[in-house]
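Listed below are the residues making up each chain.
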Amino acid sequence: MIHIIKNSIPNLFTLFNLFFGFLSVMYSAVGDYKNAAILILIGMMLDSMDGRVARMLQVQSDLGKELDSLADIVTFGVAPAMMAYYAYFSAFGVFGMAIAGLFPLFGAYRLARFNINAVKSSLKYFSGVPITAGGGILTFLTLFHGKMPSIILPIAFFVICFLMVSTIKIPSLKEVPLPKYGIIITLFLGYAIYIVFKREQHRFPYFIYVAIPLYILFIGYQLVRSKRKSSVK
């Protein structure tokens, strides 16, 4: 029984990642981009933790790896594309739908290529931009779409699509003592604090009450992990 529970814990992180990605799509559909973005942020933190929890509990499995890829396609491929569609591309009708659909297609290709080359991959760089980082950047830009020139979002959209499937070497920063995707996550939370200081509480993204405690846990876990590594050395 204990073994079954241990095996299930990392998969629960991954399934919640997928679930929050689905919820993000629903919030985008009703125009609530702030909560849609926060849900992707939560998914990003869960994605950063599931594999490490599996290694910590020594319950890595092929099922967990496959489940992680499926969740990533939804949370960091479909959900950001839906945000971008409703915020910008919907004005172009069917053509806009086709354009927005490119993002999860390119992201899925990037994930499949990574999965078959995972053993060969280097700790120092990624071959192309990971879908998690690409989806996080697209989400952040979509959130600020109304406060910057409208041309920036479509240009960034196509650039990220290209970078995901390219073979350009992107520094992985795995050896840098920072949380995975910590910069993007911190930017999201910084935006939430900005909303509070602007006294826009009536539009406050209430899912931030889930994101902030999870972020504290996320940072705390990283600090404990880095201390353990230092003590081993």
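Residues numbered from 1 in each chain as written. Predicted model: local features only at pLDDT ≥ 70, side-chain atom pairs only at ≥ 80, totals over all residues. Heavy atoms only, no water.

**Student:** Please clarify how the overall build of the protein should be interpreted in this entry.
**Tutor:** Within the protein, the regular secondary structure consists of nine helices and two strands. When the elements of the protein are put in sequence order from the N terminus, they spell out α-α-α-α-α-β-α-α-β-α-α. Here the protein holds 233 residues, and 45% of them are scored as buried. When the accessible surface of the protein is totalled, it reaches about 12800 Å², and 71% of it is carbon and sulfur. (Helix = DSSP H or I, 4+ residues; strand = E, 2+ residues; numbered from the N terminus. Buried < 20%, exposed > 50% of the residue type's maximum accessible area, 1.4 Å probe, protein only. Areas by Shrake-Rupley, 256 points an atom, 1.4 Å probe, with all protein chains shown as cover.)

**Student:** Which parts of the structure should I look at to understand the confidence of the model for the protein?
**Tutor:** Averaged over every residue, the pLDDT of the protein is 80; the share at 70 or more is 75%. When mean pLDDT is taken per element in the protein, helix H4 (residues 93-100) scores highest with 94 and helix H8 (residues 182-197) scores lowest with 62. Under a pLDDT of 50 for its full length, residues 175-179 has, in the predicted model, four contacts with residues more than four places off or in other chains. (pLDDT = per-residue confidence, 0-100. Contact = heavy atoms within 4.5 Å.)

**Student:** I'm lost on the nonpolar core in this one. Help?
**Tutor:** Phe89, Phe103 and Phe157 are the most contacted members of the largest nonpolar core, which has 47 residues in total. Of all the secondary-structure elements, those providing two or more residues to this core are helix H1 (2-29), helix H2 (33-57), helix H3 (62-87), H4, helix H5 (102-116), helix H6 (131-143), helix H7 (152-165) and helix H9 (208-232). Top contributing element to this core by residue count: H2, with twelve residues. Leave out the neighbours within four places in its chain, and Phe103 touches Phe76, Gly77, Pro80, Ala81, Gly134, Gly135, Leu138, Phe157, Ile160, Cys161 and Met164. (Core = buried A, V, L, I, M, F, W, Y, C linked by side-chain atoms within 4.5 Å.)

**Student:** Where do I start with the packing of aromatic side chains in this structure?
**Tutor:** In this description, a pair of aromatic rings is defined by centroid distance and the angle of the planes. Under the definition given, this model contains nine aromatic pairs. Arranged with centres 6.2 Å apart and planes meeting at 50°, the rings of Phe19 and Phe20 form a pair that is tilted. Using a relative accessible area of 41% as the deciding quantity, one classes Phe19 as partly exposed. Between Tyr88 and Phe92, the aromatic rings sit 5.6 Å apart at their centres with planes inclined by 50°, giving tilted as the arrangement. For Tyr88, a relative accessible area of 18% gives the class buried. Residue Phe92 is classed as partly exposed on the basis of its relative accessible area of 43%. Ring-pair connections join several aromatic residues into one group, and the members of that group are Tyr88, Phe89, Phe92, Phe103, Phe157 and Phe158. (Phe/Tyr/Trp six-rings, centres within 6.5 Å; stacked < 30°, edge-to-face > 60°.)

**Student:** Looking at this structure, I do not really get H2. What am I missing?
**Tutor:** Note: α-helices contain 3.6 residues per turn, so residues at a spacing of three or four share the same orientation. The terminal C-alpha atoms of H2, which comprises 25 residues, lie 36 Å apart, in line with the 36 Å expected from a rise of 1.5 Å per residue. When you tally the buried positions in H2, you get 20 out of 25 residues, the bulk of the element. Just downstream of H2 lies Gln58, where phi reads positive at about 60°. (Expected span 1.5 Å × (residues − 1).)

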